[in-house]
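Results of the structural survey
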Amino acid sequence: MTITKKIIWGLLAVLGAYAVSVIALHRGESINALWLITAALCIYAIAYRFYAAWIAAKVLVIDETRATPAERLDNGRDFIPTNKWIVFGHHFAAIAGPGPLVGPTLAAQFGYLPGTLWILVGAVIGGAVQDMVTLFFSMRRNGRSLGQMARDEIGVIGGTAALVGTFLIMIILIAVLGLVVVNAMKHSPWATSTVAATIPIAMIVGVYMRNIRPGRVLEASAIGVALLLFSVLAGGWVDHNATLRVWFDHDGLPLAYAIIVYGFAAAVLPVWLLLAPRDYLSTFMKLGTVLLLAVAIVILRPEIHMPAVTQFTDGTGPIFGGKLFPFVFITIACGAISGFHSLIASGTTPKLLSNERDIRMIGYGGMLLESFVAIMAMIAATVLEPGVFFAINSPAGVVGKEAIDAVAKINSWGFAVTVEQMEQLAKDMGESTLFARTGGAPSLAVGMASIFGNAFGKHLLALWYHFAIMFEAIFILTTLDAGTRVGRFMLQDMLGNFHKKLGETSYMPSVILTSSLVVAGWGYFLYIGVIDPNGGVNILWPLFGIANQMLAAIALSVATGILVKSGKLKYAWITGVPLTWLVIITTTASYQKIFSEDVRVGFFAAANDLSAKLASGVLPPDKASVAPQLIFNQHLDAYLTLFFVVVLWVVVLDMLRMCWRYQNTRGVLPSSETTYIATQL
C-alpha cells in the first residue's frame, strides 16, 4: 500500500472514530443525523477493505480458479452461472426484509444510541462475517443448505437438530414476513397494484436476458427499471381511479391467498424466469430509495430529536416490554446479524455465483449495505419528535383508545405532543389517524415522508408516505419468495437422506412436493395471523426475533466447527466471538419470554393473566370471544421458544464435542468439501 493510500485510510479511521465518539458521548441538545451516516460509512469502508479482505485471503483462502457449483452442476433451473451484479441484486433483495426497517424503528424506544451501536458493531463483527463464511462453505459443498452442512460436518445428533430446527424457524420467519406484507398492502390499491406489476415485469426481463438478448444486462436493467418506475406511477393512478382501485382493494385473506400462490410459483419456476430478475429489479427500488433518503439527509442535515437513551431501558417501554439487555439485540436483527441470511447464503446464492472472488462483495458487502438501510431507518424514526413517535407506535391498550387520553399519557412521560399536532400530521399524510399505528412500518413511513417532503417539496407528503408504505411491502416480499425457495432446498436436503432422488433439486416430483409442503407450512401460520383480531404480528414478532438470532447462532456454530476441522483453530475466534454473544442473548431472552412473571414479557404470564380475566368475566364481549385463541397463541409461542433454545444448545454442544474430538485426534466425520476442479469460464 502506498503512502498516499495509508494516509487516506488513516484519516478515514480518525474521522470514523470521531463520529462514533460524538454519537456515544453527546448529551443535551439534539445531534445532527449526518454523524450517524459518517460513522457508518467510515466503519463499513474500513471493515470491507481490511477485515473482510483478510478473512477472504487468510482464513477462507478464496480461489478464483476453482469451478463453482453453478458451473459444475448447471441445470438451467437452480444451478446457473449468473452475472455477479444480478446475483448481488438477488442476494441483497432476498436478505433485506422487514428487519432492517422495522427493527430499528421499534428499538428507538430505548433511544438512538443503543440500537445504532449494535447495528454498526454487530454488522461488522457478526452479521457480515456470518454471511460471507456461510456462503463460502456452502459453495465448497455443492450449495448445500445450512442444516445439511451441520449434519455432514458436525454429526448426526447436532446435524439432525439443526436440520429440523432451521426448517421450523424458516417456516415461522416466512409466515411473519407474509403477515407484514399483507398488513402493508391491505386496502392499499397503490401498494398492491405496484407489487403485483413487479411479477410480469420480472418475467419479461428474465426472458429478455436469457432468450432475446443474452448477456445484455444493462439493456434488460434499463427496460426493467423503466417499467418499474412506470408501475409506481401507475399505482397512483389506480389508487385514484374509482373503477380500477376496486380490483386491487382487498381484505387480508384474499391477499394472503395470493401471496401463498406466488410463493409456490417462485419456488417451482426456474430461478432465471421469476425469482432472480424480480429480486434484482426490486433492488433498484430498494437502493434507489435508500440512496435518495441519504441524499435528502445530506441536504437537510436533520436533527435527531429522540434522546440518546430514554427512561424505557428499564423494561417499561410502551411499544414492547423488556429491558435494554437483551431485547435491543433481539428487536434489531437483520441490520446487525440475522440467521435468515445464512439460509439465503446456503440456499439460492451459492447456486448462482460463477466465481469465488465475488464472495466478499456479495456476502460481506451485501450485509454492510443492509446495515446501512438499518441506519437510515433509525434516522427516519428518530428525526420525528419523540411525542409523535410514541403516539404512532404505542398500542391503544397502553396509552388509551381516545386521542386525548393518549396525548395525556405520552406527555406524562416527558414527551410533548398535542391532539391537533397529530390530526394535522395525519391529514398531511393522507390518513384518517396516526394514533396507535403499531408495528413500526407507519412511523418509518412518516419519518421518510417528512425527510423527503422537507427536501423535495412538502406539498407531496401524502405521495411520499404511500410510496414509503409500498416500498416497505416490496422490500419484504422479495425476502418471502427467496425464503420459500430456500425452504424447498432445505426440505429436499432432509428428504434426500431417506430417498436420494427426493434430494435432487431438478427432480420435478420432488420440487412440487417439497414446495407444496413448505408453502402449506408457512401459509397455515400466515392464515392464523391474518384472522387474529389483534393483528398477529404483535404476538409473533418476539418469537421472530429470538428464532432469527438463534438461527444465526446455529450458522456460526457450523462455521466454527468447519474452521476447527479444517485445521484453522487459531482463526475460529472470527465466528466464535459473535457465536458466544448470540448464545448469551438468545438464551437470556428465551428464559425471560418463557418464565418472566411480567405479563408484557412472559408468554405464560400473559396467557395466565388473560385466562384469569376470562374466567372472572371482566373482559368485554369482543375480547372474550377471541381470548381462547390468544391464550393458545401465547402457549404456542412459549413451547416453540423452548424447543428452539433446546435445538440451539444441542447444536452448540455437539459442535464443541466434535471440536474436542478433532483436537485430540479422535474420529470425526470426514470433510464434505468437494475436490478441486479448475473453472472453464
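It should be noted that the structure appears before, not after, this text.
Because the structure is a prediction, the values reported are computed rather than measured.

Definitions and cut-offs
- Residues numbered from 1 in each chain as written.
- Predicted model: local features only at pLDDT ≥ 70, side-chain atom pairs only at ≥ 80, totals over all residues.
- Heavy atoms only, no water.
- Helix = DSSP H or I, 4+ residues; strand = E, 2+ residues; numbered from the N terminus.
- Buried < 20%, exposed > 50% of the residue type's maximum accessible area, 1.4 Å probe, protein only.
- Salt bridge = Lys/Arg side-chain N within 4 Å of Asp/Glu carboxyl O.
- Core = buried A, V, L, I, M, F, W, Y, C linked by side-chain atoms within 4.5 Å.
- Contact = heavy atoms within 4.5 Å.
- 1 Å grid on protein atoms, 1.4 Å probe; cavity = no way out; pocket = protein on both sides within 12 Å on 5 of 7 lines; lining within 4 Å.
- Points joined across faces, edges and corners; volume = space filled by probe spheres on them.
- Phe/Tyr/Trp six-rings, centres within 6.5 Å; stacked < 30°, edge-to-face > 60°.
- Axes fitted to C-alpha atoms, helices over the stretch in contact; angles between N-to-C directions.
- Parallel < 35°, antiparallel > 145°, perpendicular 65-115°, else oblique.
- Left-handed = near helix turned anticlockwise from the far one by under 90°.
- Nonpolar A, V, L, I, M, F, W, Y, C, P; charged D, E, K, R; others polar.
- Patch = residues over 30% accessible without salt bridge, like charges linked within 9 Å, V, L, I, M, F, W, Y side chains within 5 Å.
- Areas by Shrake-Rupley, 256 points an atom, 1.4 Å probe, with all protein chains shown as cover.
- Expected span 1.5 Å × (residues − 1).

Let's shift gears to the environment of Q424. Position of Q424 relative to the elements: it lies in helix α19 (residues 419-428). The exposure class assigned to Q424 is partly exposed, which follows from its relative accessible area of 41%. For the pair Q424 and T484, spaced 60 residues apart in sequence, the C-alpha to C-alpha distance is 42 Å.

Next up on the list: the pattern of salt bridges. Counted under the stated rule, the structure contains 13 salt bridges. When the shortest N-O distance is used, the salt bridge between E153 and R141 registers 2.8 Å. Taken together, the residues E153 in helix α7 (residues 146-153) and R141 in the loop between α6 (112-139) and α7 connect sequence positions 12 residues apart. Residue classification places E153 among the buried positions, given a relative accessible area of 1%. Note that K613 and D609 form a salt bridge whose closest N and O atoms lie 3.4 Å from each other. One end of the pair, K613, and the other, D609, are both in helix α25 (residues 603-616), 4 residues apart, so they sit about a helical turn from each other. Residue D609 is classed as partly exposed on the basis of its relative accessible area of 29%. What emerges from the salt-bridge pattern is a single network uniting R66, R140, E356 and E673.

Within the largest apolar cluster, 215 residues are counted, with the highest numbers of intra-cluster contacts made by Y364, M376, I379 and W522. Here this core gets 18 residues from one element, more than from any other, and that element is helix α8 (residues 156-185). Membership of the second largest hydrophobic core comes to 7 residues, among which are A607, L610, L619 and I631.

This part is about the side chain of S138. The residue S138 is located in helix α6 in this model. For S138, a relative accessible area of 0% corresponds to the buried category. Those residues within four positions of S138 in sequence are excluded, and the remaining contacts are G143, R144, M149, A345, S346 and P350.

This brings us to empty space enclosed by the protein. Counted by the stated rule, this structure contains 4 cavities of 30 Å³ or more. What the second largest cavity holds in volume is close to 60 Å³. Lining the second largest cavity are L101, T289, V290, L293, V373, M376, A377, L444, M448 and F471. Elements with a contribution of two residues or more to the lining of the second largest cavity: α12 (275-300), α15 (359-382) and α20 (441-456).

Tallied over the full model, the rule gives 25 aromatic pairs. Measuring from ring centre to ring centre gives 5.4 Å for F312 and F390, while their planes differ by 70°; the resulting arrangement is edge-to-face. Here F312 is found in the loop between β2 (303-304) and α13 (324-331), whereas its partner F390 is found in helix α16 (residues 386-393), with 78 residues between them in sequence. Accessibility classification places F312 together with F390 in one group, the buried group.

Okay, unusual backbone geometry next. Trans is the prevailing form of peptide bonds, just as negative phi is the prevailing case for residues other than glycine. Of the consecutive residues F325 and P326, the connecting peptide bond is found in the cis state with omega at 10°. By the secondary structure assignment, P326 is in helix α13. Despite not being glycine, N142 has its phi angle at roughly 60°, a positive value. With respect to the helices and strands, the residue N142 is situated in the loop between α6 and α7. Taking relative accessible area as the criterion, N142 reaches 27% and is therefore assigned partly exposed.

We now examine the packing of α12 against α20. Each pair of packed helices can be described by the angle between their axes along with the distance between the axes. For the pair α12 and α20, interaxial distance at closest approach is 9 Å and the crossing angle is 60°. The angle between α12 and α20 falls in the class oblique. As for the relative orientation of α12 and α20, their crossing is left-handed in sense. Counting all contacts with α12, which are made through T289, L292, L293, A296, I297, I299 and L300, the residues of α20 involved are M448, I451, F452, N454, A455 and F456. For the contact of α12 with α20, a count of residues per class yields 11 nonpolar, 2 polar and no charged.

A cluster of nonpolar side chains, V121, I125, W573 and V577, forms an exposed patch at the surface whose accessible area comes to about 360 Å². At the level of elements, α6 and α24 (573-595) are the ones that each hand at least two residues to the nonpolar patch. Take V121: it is sitting in helix α6.

Right, let's get into the packing of helix α11 (residues 252-268) against helix α22 (residues 508-531). Two elements in contact, α11 and α22, have axes whose closest approach is 9 Å; the angle formed by their N-to-C orientations is 160°. Considering the angle they form, α11 stands roughly antiparallel to α22. Relative to α22, α11 is oriented so that their crossing is right-handed. In contact with G252, L253, A256, Y257, I259, I260, G263, F264, A267 and V268 of α11, α22 contributes V511, I512, S515, S516, V519, W522, G523, L526, Y527, V530 and I531. The residue inventory of the contact of α11 with α22, partitioned by class, reads 16 nonpolar, 5 polar and no charged.

All right, on to α25 then. Counted at 1.5 Å a residue, the expected span for α25 with its 14 residues is 20 Å, and the 20 Å between its end C-alpha atoms agrees. Turning to α25, its buried residues number three or more, namely F603, A605, A606, A607 and L610. G617, located one to two residues past α25, shows a positive phi value of around 75°.

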